[in-house]
Amino acid sequence: MDQWLRNTNVVRVIALVIGILLWAVVRMDGGAISTSTSTGIKEEKIWNVPVSPKYDTDHFFVEQIDPAQVTVSISGRDATVKKVMSSANYSVELDLSQVGKGEHVLPLTPVGFPSGVTVKVSPSNVKVVVDEKTNKSMPVVVNVTGIPAVGLKAGQPVVKPKSVTVSVPSKIYDSVDSVRADVNVEKAQAAVTSKVKLVAYGKDGKPIDTAVINPAVVDVEVPITSPFTTVPLQLKFVGEPPRGFAVESIRQSTDKVTVYGPQTALDKMEFYEGPQVALNDLKEDKEFSLDVPLRGKVTQVDPPKVTVNVTVVPSVTKTLEAIPLSIIGQNDGFDTKVVLPESGQLNLVVEGAPSIIDKLKTQDVQAILDVSNLPPGKHEVPVTWNLPTFVKKGPQQDFKATVDISAKQGAGTGAGAGAGAQPPASQPPAAQTPGAKPGTP
């Protein structure tokens, strides 16, 4: 080894290789290479200097600068060149203040160099593509990802502000589809609140890198609650005002409630049974403030209270004539007919508020005979009445009717037919309790 190092030719070759390697490293790093002349003038070359465009950022976009980086050569006295290199306050600018939308070839200007140095930019001109900026106001869409803790559900996100301004080149204005904020609620047990950076997306579902969003960051809160559903609130009216008075109308502060609880219970819910409203002994208007009860596995109801305003007025009466008797519960193997009254019809005196009674017609009332489980023969059956809401029977009107049940001609005498056999029971519809809505329990 010592003999190799004593050989001057070998040392020269090694020095040359090291010099080439150093030159290559400096060039790759975008650094500078300096040379000195016999006159004392020092020269420097700086590679990969970025081009800095100067333009109206409120109205234009720079889509392309080619090339985007240039080489700067400087020469001057050694001290001056060193001062320039150490300060790094220089730049290469591209003035776009006098051009508009389109493709242009423009000169570059070195800026920040002292008068004591000579500066040369290579290349001296670049190609630039300029487009107009267009603004688009868009709502912020919150994309909730992840699944909260077991038994919980992510609610409707709240974002502030709700809308932002998106600035894009005019040629892609129509392709901007949405502005999105992504929030992860994985295993969350409480509301998730965060500041989220916005991203603009095109109709192809890809982010738009050139979009400028103002503001770029928004506040998002995602509530974490039990599963919920919104269903109609059904009130149950019990009792009725005394004779001479009637309910004219009822107003409630809300007709829907949001119900929280297990998803399995919510899936079966078509309405929510609210509190009872007692109409007994009412002779004047009354306001009720009632708690909406929690039923079954329901954990919360919103709103928790309902206000019910009942309007009571002096009642009037009216006679409805020729109301046909309707038979329910009859067996297909038997004939059932009304023998008393012979007409198969009844008259009924009804009582209620004038605004309701004045509009009431015969077809609005149903007289029902339930013959379920009755054997063949004649039977006296009580008449039940299905009346409209807040309409009641007049006093002393307990009607009965006589029906005749007989086997149809040609009917078999097997099980379920013939004398002594009882027709199978059929479930009659629930008779309307005076003062209750049809169909309500």
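The residue numbering used here restarts from 1 in each chain and proceeds along that chain's sequence as written. Reporting in this predicted model follows two pLDDT cut-offs: at least 70 for local features of residues, and 80 or more for side-chain atom pairs to be given and counted; totals over whole chains, interfaces and linings ignore these cut-offs and use all residues. Here the side-chain values reflect all heavy atoms present in the structure, with hydrogen atoms and water set aside.

Chemist: Explain the sheet that holds strand β23 (residues 286-291) residue by residue, including any values.
Modeler: Spatially, three strands are ordered β20-β25-β23 in an open sheet, and the strand pairing comes out antiparallel. Looking at strand neighbours, the two that pair on one side only are β20 (245-252) and β23, the edges of this open sheet. For this sheet, the mean inter-axis angle between neighbouring strands, taken without regard to orientation, is 25°. Strands were regarded as paired on the criterion that DSSP finds at least two bridges between them. Secondary structure elements follow DSSP: runs of H or I no shorter than four residues count as helices, runs of E no shorter than two count as strands, and numbering proceeds from the N terminus. Under this scheme, a helix contributes an axis fitted over its contacting stretch, all axes are lines through C-alpha atoms, and angles between N-to-C directions fall in the 0 to 180 degree range.

Chemist: Before we move on, could you go through the side chain of Asp-131 and cite the residues and values that matter?
Modeler: Mapping Asp-131 onto the fold places it in strand β9 (residues 125-145). Its relative accessible area of 3% is what places Asp-131 among the buried residues. Contacts are residue-level and defined by heavy atoms, with any inter-residue pair within 4.5 Å sufficient. Leaving out residues up to four positions away in the same chain, Asp-131 has contacts with His-59, Phe-60, Phe-61, Glu-63, Lys-101, Pro-169, Ser-170 and Lys-171. Burial status follows relative accessibility: with a 1.4 Å probe on protein chains alone, a residue under 20% of its type maximum counts as buried, one over 50% as exposed, and anything between as partly exposed.

Chemist: Quick one: what's the story with the nonpolar core, residue by residue and with numbers?
Modeler: Soluble, globular proteins show a tendency: their nonpolar side chains are buried together. Grouped together as the largest cluster of nonpolar side chains are 24 residues, with contacts concentrated most on Val-164, Val-166, Val-183, Leu-198 and Val-220. Those elements giving two or more residues to this core turn out to be β9, β12 (163-169), β13 (176-184), β14 (192-197) and β17 (217-222). Only buried Ala, Val, Leu, Ile, Met, Phe, Trp, Tyr and Cys residues count toward a nonpolar core, and they belong to the same one when joined by side-chain atoms within 4.5 Å.

Chemist: How would you summarise the packing of aromatic side chains if you had to cite specific residues and measurements?
Modeler: Stacked, edge-to-face and tilted are the three classes for Phe, Tyr and Trp ring pairs, Trp counted by its six-membered ring, which pair at centre distances within 6.5 Å; planes under 30 degrees apart are stacked, over 60 edge-to-face, the rest tilted. Tallying each qualifying case throughout the model produces four aromatic pairs. Their ring planes at 45° and their centres at 5.4 Å tell us that Phe-228 and Tyr-260 sit as a pair that is tilted. A residue pair is termed long-range when its members are at least 10 positions apart, and Phe-228 in strand β19 (residues 228-238) and Tyr-260 in strand β21 (residues 256-260) qualify at 32 residues. Judged by relative accessible area, which is 29%, Phe-228 ranks as partly exposed. Residue classification places Tyr-260 among the buried residues on the basis of a relative accessible area of 14%. A ring pair is formed by Phe-237 and Phe-390, whose centres lie 5.8 Å apart and whose planes are at 75°; its orientation type is edge-to-face. Of the two residues, Phe-237 is situated in strand β19 and Phe-390 in the loop between β31 (384-386) and β32 (392-393); the sequence distance between them amounts to 153 residues. Here Phe-390 falls in the buried class, since its relative accessible area comes to 13%. Remark: a charge is flagged as sitting over a ring if the NZ atom of Lys or the CZ atom of Arg is within 6 Å of the ring centre and within 35 degrees of the ring normal. The ring of Tyr-173 has Lys-136 lying over it, and the distance from NZ or CZ to the ring centre is 4.9 Å. The ring of Tyr-201 is capped by Arg-180, whose NZ or CZ atom sits 4.1 Å from the centre of that ring.

Chemist: Kindly report on the pattern of salt bridges, identifying the contributing residues and their values.
Modeler: It is possible for side chains of opposite charge to pair when their charged atoms get near one another. A side-chain nitrogen of Lys or Arg and a carboxyl oxygen of Asp or Glu constitute a salt bridge if their distance falls within 4 Å. One pass over the structure, following the stated rule, counts ten salt bridges. Measuring nitrogen to oxygen at the nearest pair gives 2.5 Å for the salt bridge that ties Lys-305 to Asp-291. Taken as a pair, Lys-305 in strand β25 (residues 305-314) and Asp-291 in strand β23 lie far apart in primary sequence, 14 residues in all. Owing to a relative accessible area of 44%, Lys-305 belongs among the partly exposed residues under this scheme. A salt bridge links Lys-393 to Asp-398; the nearest nitrogen and oxygen atoms lie 3.9 Å apart. Lys-393 sits in the partly exposed class, given a relative accessible area of 23%. For Asp-398, a relative accessible area of 74% puts it in the exposed group. What you see here is one network of salt bridges that share partners, running through Lys-42, Glu-44, Asp-78 and Lys-82.

Chemist: Pulling in residues and values, what's your account of the sheet that holds strand β28 (residues 345-352)?
Modeler: An order of β31-β29-β26-β28-β32 is seen for the five strands of this open sheet, with the pairing classed as mixed. Looking along the sheet, the strands with just one partner apiece sit at the ends: β31 and β32. Taken together, the three bridges between strand β29 (residues 366-370) and β31 define a ladder with antiparallel strand orientation. Note that in β31 the partner of Ala-367 across the bridge is Trp-385.

Chemist: Provide a residue-level description of the environment of Gly-333, including the pertinent values.
Modeler: The residue Gly-333 is located in the loop between β26 (316-328) and β27 (334-340) in this model. A residue is classified by how much of its surface remains accessible, and Gly-333, at 26% relative accessible area, is partly exposed. Along the backbone, Gly-333 and Ser-406 are 73 residues apart, and their C-alpha atoms lie at a distance of 8.8 Å.

Chemist: Tell me about the confidence of the model for the protein chain, residues and numbers included.
Modeler: Detailed conclusions should not be drawn from predicted coordinates in areas where pLDDT is low. The predictor rates its confidence in each residue with pLDDT, a number between 0 and 100. In this model, the protein chain carries a mean pLDDT of 85, and residues with pLDDT of at least 70 account for 84%. Mean pLDDT across the secondary structure elements of the protein chain bottoms out at strand β1 (residues 32-36), with 48, and peaks at β25, with 97. Every residue in residues 25-38 is under pLDDT 50, and counting partners more than four places away or in other chains gives 29 contacts. For residues 413-441, every residue scores under 50 in pLDDT, and the model assigns this stretch 55 contacts once sequence neighbours within four places are set aside.

Chemist: Tell me about unusual backbone geometry, and please be specific about residues and values.
Modeler: Cis peptide bonds are those with omega within 30 degrees of zero, and the linkage from Asp-66 to Pro-67 qualifies with 0°. Its place among the elements puts Pro-67 in the loop between β3 (60-66) and β4 (69-77). Look at the link from Asp-302 to Pro-303: it is a cis peptide, with omega at 0°. Locating Pro-303 in the fold gives a position in the loop between β24 (300-302) and β25. Positive phi outside glycine occurs at Asn-373, with the angle close to 70°. Here Asn-373 falls in the partly exposed class, since its relative accessible area comes to 40%.

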